[in-house]
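Remarks on the overall topology
This is what each chain is made of:
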Number of protein chains: 2
Amino acid sequence: MHMSNKPNTPKGMRDFLPHDVIRRNYIMDVIKTRFERFGFLPIETPSMERRNLLLGKYGEEGDRLVFKVLNSGEKVKKADLDALEKGELSRFGNSIAEKAMRYDLTVPLARFVVQHQNELSFPFKRYQMQPVWRADRPQHGRFQEFMQCDADSIGSDSILLELEFIQMIDEVFFGLNLQGCTLRVNHRKVLEAISRKSRAEKQTTTFLTTLDKLDKVGWDQVLQLLAKAGFDNQIINTIQEALQGKSNADQLEILQHLIADESSNSTPFDDLNFLFSNMGKMSSLDVVFDWTLARGLDYYTGTIFEISAPKSVSLGSIGAGGRYDNLTGVFGMKGMSGIGISFGLDRIELVLSELDLFPSEIHTSIDLFVVHFNMEMMTALLPYINELRRRGKRVYVYPTAARLKKQLGMANQLNIPYALIMGEDEWKGEKCIVKNLNTGSQKAVQLKNLNWDVIQVC
Amino acid sequence: MHMSNKPNTPKGMRDFLPHDVIRRNYIMDVIKTRFERFGFLPIETPSMERRNLLLGKYGEEGDRLVFKVLNSGEKVKKADLDALEKGELSRFGNSIAEKAMRYDLTVPLARFVVQHQNELSFPFKRYQMQPVWRADRPQHGRFQEFMQCDADSIGSDSILLELEFIQMIDEVFFGLNLQGCTLRVNHRKVLEAISRKSRAEKQTTTFLTTLDKLDKVGWDQVLQLLAKAGFDNQIINTIQEALQGKSNADQLEILQHLIADESSNSTPFDDLNFLFSNMGKMSSLDVVFDWTLARGLDYYTGTIFEISAPKSVSLGSIGAGGRYDNLTGVFGMKGMSGIGISFGLDRIELVLSELDLFPSEIHTSIDLFVVHFNMEMMTALLPYINELRRRGKRVYVYPTAARLKKQLGMANQLNIPYALIMGEDEWKGEKCIVKNLNTGSQKAVQLKNLNWDVIQVC
């Protein structure tokens, strides 16, 4: 068959072969168990939300990336042809699409909390691991469907939650055996104070979005952009110099002194000092204060944090989060302060892959391979095999009599450690042969004595 | 806030609260582990497929139920307004939707096998547990998004696979502790032979679709419909009477005798006799031959089977499957006989719920609740709590100092069995109080001696 005739996945969307699923499940299991150990409970929301619920929540760029779902049946008759003619494609789309695909797990969470407020106990700690969809231009490492792994706590503004989040993030990477990640921590109110000090009052938005470009364009470029936007860079330069090479605690003290002003209260520094003095020794993470961390234009209002992969792997953020004070406000439920973290499964997979950190045992998905010589023997063997299965062993029975070499070749491809072989002689003697496919050693075992202990000492 | 202002899920789509997710995960875990024990490996496919890949595969009715995804950006300009004007709504939709939502897991499997044929070992045994979407009119128990749990083996026509599938289905229900389900088994070639015998050659399609209505309309109605379509019901009445009350083996013998004709070979009866004589004693299922089982117009070509819930629960099929000889043929890959099973998660959930078969321990999602009196004590406690967490215990720390009654009320709502309480006195004595929230008993424990063994004997 010619390649070009092969059916394939849509651009930007992926199949996962067993090898991939097993690696991804391994990561998700580590994250999920750590979420649970910190008291988070699982929820799931539908893949589709009402279109109006999503649009307007992610900025103009975000709105364009929301996948809309075409109305079924007669409902497409409402197509707004006037909008189409005028080139107002978004309005045209809205006229024939009542539903849209989940773009992240945060807006659905806000909707969920408001909708089910009477069924939940607050502070409500939930985790959610589900795919999201974005109509982004597909490119290397960027997909239109990808998995998000989020935990959020809603309904308390206690700084203790920040502390637990940091400890939980550390436990996740400890669980993945991944050393050398950096957790950068900042506070939106610190950035707001710096923005004010730079004599560009009310330009905090510009300040944040400019600072957010730091990773991409570098420091000099950021300073130029700020100057162009009317900022006085003197204070920024002073801060940058004064904090250079200082410890986290010292940086906080210096910075608080530098930017103190009548309109800022001390809360952000209280928060940050609390965190850095109480977080204790980390197992896996390097936690640093970074006043340049901005986290774009997200809904964050307090602490913000971002996890970077080890420096040896050239990848950006592999997770991020922060505190938001008004997530559910847009749906009419005020005063629900929240804090959340989102792990990027795809990027963590790349990091573990590059550093060769997947445990080899996860790739043993089948414990035992059963060679097939004839159907009569095989049906006689099945009860013994099913007894192993009931005790939790995973057994692949080759379904037809093929050449032994072909059958064992398959066992090899599937990375199966043991094989069970029954030839005529064994059959007559009510025995079978157990073979260790890694060492090649084998032995005969009476069928009535067959169990996993006997197999695994072969 | 007024109810009508609350945001909500789209019609036919559901949120799952922690209680729901935990129950669903319990069922999926049982199914998944049984799939794995029978040698199936996990794969995942994208939520969206190319629209053309899906359309035309599910019949006319199915095509109408496929959700289409609106093209992004400029691509909606290609809207076929002529089609809209003529009321050809499907053609109009196709002109602005290149992608569509997964409608089942079977067509994506066929696409997957053909696309990745060089990366797979055959017979390829895969399982897949992912949601599917259908633009069906929402009604009680029918949703537009629902989970399918499928296992298929592709690339071998061995009847041994049928036998293993039956044993696997039995193991699933044994694992769920659900007794009294019935597995009905039939063979498409038996139905074809009966259709021929009824002097309605080439009307097998009508025969199958009519028979498929049996559950809904009853036997008399089916006979009337068959007569109207030109069938001679004499042979059908004869079969029905002759098989009444007979054992599976006897039914097969009688039926083979009744419908033997020159154009039918004995294969279906060989297959069915093999299964009924080799399946052994079931742990949970009642397996019966049922010549009236038709399984609609699916792609099946050989054995077909369907699982019914226990009679005490008035629910139809909770799972079904069968053999198909040409799944990948439509994508140009011939000769890949396959066999598959699909479990209906939602209906199994209803059955277990109705029969109260969920193990109570799955609803303990958090092991320990930590009462909060003041922040200083709490931060001193955290290292001890985190040690419990590292050892796998799930701990909810109340984030602020609230009234004890309020805090313990939350522990109660979350069904948490133990609480840890530290007041001023304990704090000074480096102790804490462990409280069993079910019995009310409590004891003081030195912090340095705190571990799960000490907690759970309280």
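In this text, all values refer to a predicted model and were calculated from it rather than measured experimentally.

1. Considering the overall build of chain A
- Each helix and strand counted, chain A has 19 helices and 16 strands in total.
- Residues counted as buried form 58% of the 458 residues belonging to chain A.
- When contacts within chain A are restricted to residue pairs at least 6 apart in sequence, those whose partners lie at least 24 apart make up 69%.
- Looking at chain A, you have 56 positive and 57 negative side-chain charges, and the mean spots of the two groups are 6 Å apart.

2. Description of the sheet that holds strand 6 (residues 145-154) of chain B
Residue and element names in this part refer to chain B.
- Sheet architecture is open: eight strands sit in the order 1-5-6-11-10-9-7-8, paired in mixed fashion. Strands with a single pairing partner mark the edges of an open sheet, and in this sheet they are strand 1 (41-42) and strand 8 (285-289).
- Here strand 10 (residues 317-324) runs beside strand 11 (residues 338-344); their pairing, made up of six bridges, is antiparallel. When the sheet's bridge partners are listed, G322 is paired in strand 11 with G340.
- Where helix 1 (residues 18-37) meets the sheet, its contacts fall on strand 5 (124-133), strand 6 and strand 11, and the angle it forms with strand 6 comes to roughly 5°.
- The sheet strands contacting helix 14 (residues 267-278) are strand 7 (181-187), strand 8 and strand 9 (303-308), and the helix crosses strand 7 at an angle near 155°.

3. Some details on the environment of L160(A)
- Position of L160(A) relative to the elements: it lies in helix 7 (residues 159-175).
- Separated by 119 residues in the primary sequence, L160(A) and M279(A) place their C-alpha atoms 10 Å from one another.
- Beyond its immediate stretch of four places on either side in the chain, L160(A) contacts H372(B), M375(B), M378(B), T379(B), L382(B), V397(B), Y398(B) and P399(B).

4. Digging into unusual backbone geometry
- Across the junction of F122(A) and P123(A), the peptide omega takes the value -5°, indicating a cis bond.
- Position of P123(A) among the secondary structure elements: in the loop between helix 6 (106-115) and strand 5 (124-133).
- For R295(A), which is not glycine, the phi dihedral falls at a positive 55°.
- In this structure, R295(A) sits in the loop between strand 8 (285-289) and strand 9 (303-308).
- In the Ramachandran plot, D356(B) falls in the positive-phi region, its phi being about 55° despite a non-glycine side chain.
- Tracing the sequence through the fold places D356(B) in the loop between helix 15 (345-354) and strand 12 (368-370).
- Accessibility expressed as a relative area gives 66% for D356(B), which makes it exposed.

5. Describing the side chain of R126(B)
Residue and element names in this part refer to chain B.
- Relative to the helices and strands, R126 is located in strand 5.
- The exposure class assigned to R126 is buried, which follows from its relative accessible area of 0%.
- Looking at R126, its side chain comes within polar contact range of the main-chain oxygen of L105, at 3.3 Å.
- Within the local environment of R126, its side chain forms a polar contact with the side chain of Q128, the two groups lying 3.0 Å apart.
- Among all residues touching R126, those that are not within four sequence positions of it are F40, L41, I43, L105, L109, D150, A151 and D152.

6. So, the packing of helix 8 (residues 188-197) of chain B against helix 9 (residues 204-211) of chain B
All names here are of chain B.
- Packing of helix 8 against helix 9 leaves a shortest axis separation of 9 Å and a crossing angle of 110°. Classed by the angle they form, the pair helix 8 and helix 9 counts as roughly perpendicular. The handedness of the crossing between helix 8 and helix 9 is right-handed. On the side of helix 8, the interface is formed by R188, L191, E192, I194 and S195, while helix 9 contributes T204, F207, L208 and L211.

7. Notes on the interface of chain B and chain A
- Across the contact, 105 residues belong to chain B and 105 residues belong to chain A.
- A combined buried area of about 9,000 Å² lies between chain B and chain A, and 64% of that area is made up of carbon and sulfur atoms.
- Three residues stand out in chain B for area buried against chain A, namely R37(B), L70(B) and R390(B), and they jointly supply 8% of the buried area on that side.
- Put simply, chain B and chain A have six salt bridges between them.
- For the side of chain B that touches chain A, the per-class residue count stands at 53 nonpolar, 28 polar and 24 charged.

8. Quick notes on the domain arrangement of chain A
- Along its sequence, chain A is organised into domain 1 (18-44 + 103-354) and domain 2 (364-457).
- For domain 1 of chain A and domain 2 of chain A, the distance between their C-alpha centres works out to 51 Å.

9. Concerning the sheet that holds strand 16 (residues 442-446) of chain B
Residue and element names in this part refer to chain B.
- Strand order in the open sheet formed by five strands is 13-12-14-15-16, and the pairing between neighbours is mixed. Looking at strand neighbours, the two that pair on one side only are strand 13 (395-397) and strand 16, the edges of this open sheet. Going across the sheet, the axis of each strand differs from the next one's by a mean of 25°, ignoring polarity.
- Contacts between helix 16 (residues 375-390) and the sheet are confined to strand 12, strand 13 and strand 14 (418-421), with strand 13 contributing the most and set at about 165° to the helix.

10. Thoughts on the pattern of salt bridges
- A complete count under the given rule lists 50 salt bridges over all chains for this structure.
- Salt bridges sharing partners connect three or more residues here, namely D80(A), D82(A), K86(A), E88(A) and R91(A).

11. A word on the relation of the copies chain B and chain A
- For the pair chain B and chain A, the best superposition has an RMSD of 0.0 Å and corresponds to a rotation of 180° with a translation of 0.0 Å parallel to the axis. Overall, the copies show the geometry of a two-fold rotation axis. Considering only C-alpha atoms, the residue of chain B closest to the rotation axis is V69(B), which sits at 2.2 Å.
- Most of the interface of chain B is mirrored in chain A: 100% of its interface residues are interface residues there too.

12. What about the packing of aromatic side chains?
- Evaluation of the coordinates by the stated rule reveals 30 aromatic pairs over all chains.
- Centroid distance Y26(B) to F358(B): 5.9 Å. Interplanar angle 65°. Geometry classified as edge-to-face. Here Y26(B) is found in helix 1, whereas its partner F358(B) is found in the loop between helix 15 and strand 12, with 332 residues between them in sequence. You'll find Y26(B) and F358(B) in the same group, each marked buried.
- Among the aromatic residues, ring-to-ring pairing joins F35(A), F40(A), Y127(A), F165(A), F173(A) and F343(A) into one connected group.
- Taking the ring centre of Y396(B) as reference, the NZ or CZ of K125(A) above it sits at 5.0 Å.
- Against the face of Y103(B) rests R134(B), its NZ or CZ located 4.1 Å from the ring centre.

13. Focus on the pairing of strand 10 of chain B
Residue and element names in this part refer to chain B.
- For strand 10, a buried count of seven out of eight residues is recorded, marking the element as mostly surrounded by other parts of the structure.
- In terms of strand pairing, strand 9 meets strand 10 through five bridges, oriented antiparallel. Within the sheet, the bridge partner assigned to F305 lies in strand 10 and is G321.

What counts as what
- Residues numbered from 1 in each chain as written.
- Chains lettered and ligands numbered in written order.
- Predicted model: local features only at pLDDT ≥ 70, side-chain atom pairs only at ≥ 80, totals over all residues.
- Heavy atoms only, no water.
- Helix = DSSP H or I, 4+ residues; strand = E, 2+ residues; numbered from the N terminus.
- Buried < 20%, exposed > 50% of the residue type's maximum accessible area, 1.4 Å probe, protein only.
- Contact = heavy atoms within 4.5 Å.
- Lys, Arg positive; Asp, Glu negative; His and termini not counted.
- Charge placed at Lys NZ, Arg CZ, Asp CG, Glu CD.
- Pairing = 2+ DSSP bridges.
- Axes fitted to C-alpha atoms, helices over the stretch in contact; angles between N-to-C directions.
- Polar contact = N/O pair within 3.5 Å; in protein donor to acceptor, adjacent residues only side chain to side chain.
- Parallel < 35°, antiparallel > 145°, perpendicular 65-115°, else oblique.
- Left-handed = near helix turned anticlockwise from the far one by under 90°.
- Buried area = accessible area lost by both parts, 1.4 Å probe.
- Salt bridge = Lys/Arg side-chain N within 4 Å of Asp/Glu carboxyl O.
- Nonpolar A, V, L, I, M, F, W, Y, C, P; charged D, E, K, R; others polar.
- Domains from an automatic or database assignment.
- Least-squares fit on C-alpha atoms with pLDDT ≥ 70 in both.
- Phe/Tyr/Trp six-rings, centres within 6.5 Å; stacked < 30°, edge-to-face > 60°.
- Lys NZ or Arg CZ within 6 Å of the ring centre and 35° of its normal.

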